[in-house]
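# Secondary and tertiary structure notes
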Amino acid sequence: MRALVLSGAAALFFAFTFIFNRSMALEGGSWMWSAALRFLFMLPIMLGVLWVRGELGTALAHFRGHRAAYVLWGTVGFGFFYAPLTFAADHGPGWLVAGAWQLTIVCGSLLVPWLWPGCGVPWRNLRWSALVILGVGLMEWRQSEAVGAGTVLLTLPPIILAAFMYPLGNRKMMLVCQSEVGTLARVFNMTLGSWPFWLFLAACAALDNGVPSAGQLGQSLLVAVFAGVIATVLFFSATNLVRDDPPKLAAIEATQAGEVLFALLGEVAFLGTGLPDAWGLAGLLLVVGGVALGNLAAHRKRG
């Protein structure tokens, strides 16, 4: 129950990612700056928190002992997740990106046999994922009707890539860290390990678009605090509680469907975005319903 509460709260804070990224895109900000700034801001914030808590030395010692793993899986789990997701937000509304992002439920479950040899794909958990896939397909179809298939091709493939990379990087680092360091230290070290990627992306953004605006700097800072620090720590804490139970881990990851509703409400309230049409809403409800029914089935099985 505690893991579910933590992951639900994480979904709320993660939704700010989609809202602010869409806001920066509408204002003409570079998607590369939007992606890089979040993690460039995150590192000093988390460094300060760890220093205050007296955990910085332990975190850095663990980083030095597992430097290659942190660089590799930090880049995979953060770099190859967030850069494609920010690129997608440049071409579609936040609620649509958040909805398609729920494919991570399927992608995360398909990774189970590779990460835990001897464990099969949790097909019982995936039975309801067909509704999620159908809902995403319906939303993307309505988007293609409105803005053209080309826009969908610039939105959906990057999200699918991100949906594999995020659980892959997270789970690989859990296997490396075990209980040697806490969640906050793991997130800090993964951020530190991914910094070469973000510095490269920031250099590309500077060459292509110049320096970011004050508005983009401010919104990126908010994304770093809300989604990068608060939501990530909450979510990683939730997954850490059930790290040795693949079906429960898949169920916790599924609760992130709440991001869709939070992102939609946030865009309507703060960006003046209109509600999707009836078909789009039907697709959204299929996504959320598929996740909810999947969780219910998982709880009944455990009960």
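Residues numbered from 1 in each chain as written. Predicted model: local features only at pLDDT ≥ 70, side-chain atom pairs only at ≥ 80, totals over all residues. Heavy atoms only, no water.

## Topic: the overall build of the chain
Regarding its fold elements, the chain presents 15 helices and zero strands. Here the chain holds 303 residues, and 55% of them are scored as buried. (Helix = DSSP H or I, 4+ residues; strand = E, 2+ residues; numbered from the N terminus. Buried < 20%, exposed > 50% of the residue type's maximum accessible area, 1.4 Å probe, protein only.)

## Details of the side chain of His-62
Assignment of secondary structure puts His-62 in helix H3 (residues 56-65). One polar contact links His-62 to Tyr-70, side chain to side chain, over a distance of 2.8 Å. (Polar contact = N/O pair within 3.5 Å; in protein donor to acceptor, adjacent residues only side chain to side chain.)

## Looking at unusual backbone geometry
The phi angle at Gln-178 is positive, at roughly 50°, despite the residue not being glycine. Considering the arrangement of structural elements, one finds Gln-178 in the loop between helix H10 (149-177) and helix H11 (183-209). What makes Gln-178 partly exposed here is its relative accessible area of 37%.

## Observations concerning the nonpolar core
Counting 87 residues, the largest nonpolar core has Trp-101 and Trp-198 as the members making the most contacts within it. When residues in this core are grouped by element, the largest group, eleven residues, is from helix H2 (residues 31-53). Apart from the residues lying within four places of it in its own chain, the contact partners of Trp-198 are Ala-35, Ala-36, Phe-39, Leu-40, Phe-78, Gly-79, Tyr-82 and Ala-83. (Core = buried A, V, L, I, M, F, W, Y, C linked by side-chain atoms within 4.5 Å. Contact = heavy atoms within 4.5 Å.)

## Points about H11
The largest bend along H11 reaches roughly 45° and is located at Trp-195, with the proline Pro-196 sitting one to four residues downstream. Two residues or fewer after H11 comes Gly-210, characterised by a positive phi angle close to 80°. (Bend = angle between axes of the 7 residues up to and from the residue.)

## Let's talk about the packing of H2 against H11
Closest axis-to-axis distance for the H2/H11 pair is 7 Å, and the angle between their directions is 145°. Here H2 runs over H11; the crossing is left-handed. Residue classes in the contact of H2 with H11 are distributed as 26 nonpolar, three polar and two charged. (Axes fitted to C-alpha atoms, helices over the stretch in contact; angles between N-to-C directions. Left-handed = near helix turned anticlockwise from the far one by under 90°. Nonpolar A, V, L, I, M, F, W, Y, C, P; charged D, E, K, R; others polar.)

## With respect to the packing of aromatic side chains
Counting across every chain of the model gives 15 aromatic pairs. Between Phe-16 and Phe-226, the ring centres sit 4.8 Å apart and the planes meet at 45°, which makes this aromatic pair tilted. Here Phe-16, found in helix H1 (residues 2-26), pairs with Phe-226, found in helix H12 (residues 214-241); they are 210 residues apart in sequence, far enough to count as distant. Residue Phe-16 is classed as partly exposed on the basis of its relative accessible area of 22%. Geometrically, the ring pair formed by Phe-39 and Tyr-82 is edge-to-face, given 5.6 Å between the ring centres and 70° between the ring planes. (Phe/Tyr/Trp six-rings, centres within 6.5 Å; stacked < 30°, edge-to-face > 60°.)

## Examining the environment of Leu-43
Within the element layout of this structure, Leu-43 appears in helix H2. Leu-43 sits in the buried class, given a relative accessible area of 8%. Along the sequence, Leu-43 and Val-187 sit 144 residues apart, while their C-alpha atoms lie 9.4 Å from each other. Not counting the four nearest positions on each side in its chain, Leu-43 is found in contact with Phe-188, Thr-191, Leu-192 and Trp-195.

## Considering a nonpolar patch on the surface
On the surface, Leu-47, Trp-51 and Val-52 cluster together to form a nonpolar patch covering roughly 370 Å² of accessible area. Here Val-52 lies in helix H2. (Patch = residues over 30% accessible without salt bridge, like charges linked within 9 Å, V, L, I, M, F, W, Y side chains within 5 Å. Areas by Shrake-Rupley, 256 points an atom, 1.4 Å probe, with all protein chains shown as cover. Salt bridge = Lys/Arg side-chain N within 4 Å of Asp/Glu carboxyl O.)

## Some remarks on the pattern of salt bridges
The full count for this structure, using the stated rule, is one salt bridge. A salt bridge links Arg-53 to Glu-55, with the nearest nitrogen and oxygen atoms 3.2 Å apart.

## Points about the side chain of Arg-38
Among the secondary structure elements, Arg-38 is positioned in helix H2. Classification of Arg-38 as buried rests on a relative accessible area of 2%. Sequence-distant contacts of Arg-38, defined by excluding residues within four places in its chain, comprise Phe-14, Thr-17, Tyr-82, Ser-220, Val-223, Ala-224, Ala-227, Gly-228 and Thr-232.

## Considerations on the environment of Ala-59
Locating Ala-59 in the fold gives a position in helix H3. Judged by its relative accessible area of 0%, Ala-59 is buried. Each C-alpha atom, one on Ala-59 and one on Leu-47, is 9.6 Å from the other, the two residues being twelve residues apart in sequence. In contact with Ala-59, not counting residues within four places along its chain, are Leu-50, Ala-185, Phe-188 and Asn-189.

## A look at H3
Within H3 the residues assigned to the buried category are Leu-56, Ala-59, His-62 and Phe-63. Taken end-on, H3 shows its buried residues confined to a sector of 130°, consistent with a single buried face. Away from the buried face of H3 by more than 90 degrees, exposed residues Arg-64 and Gly-65 are located. (Arc of directions from axis to C-beta.)

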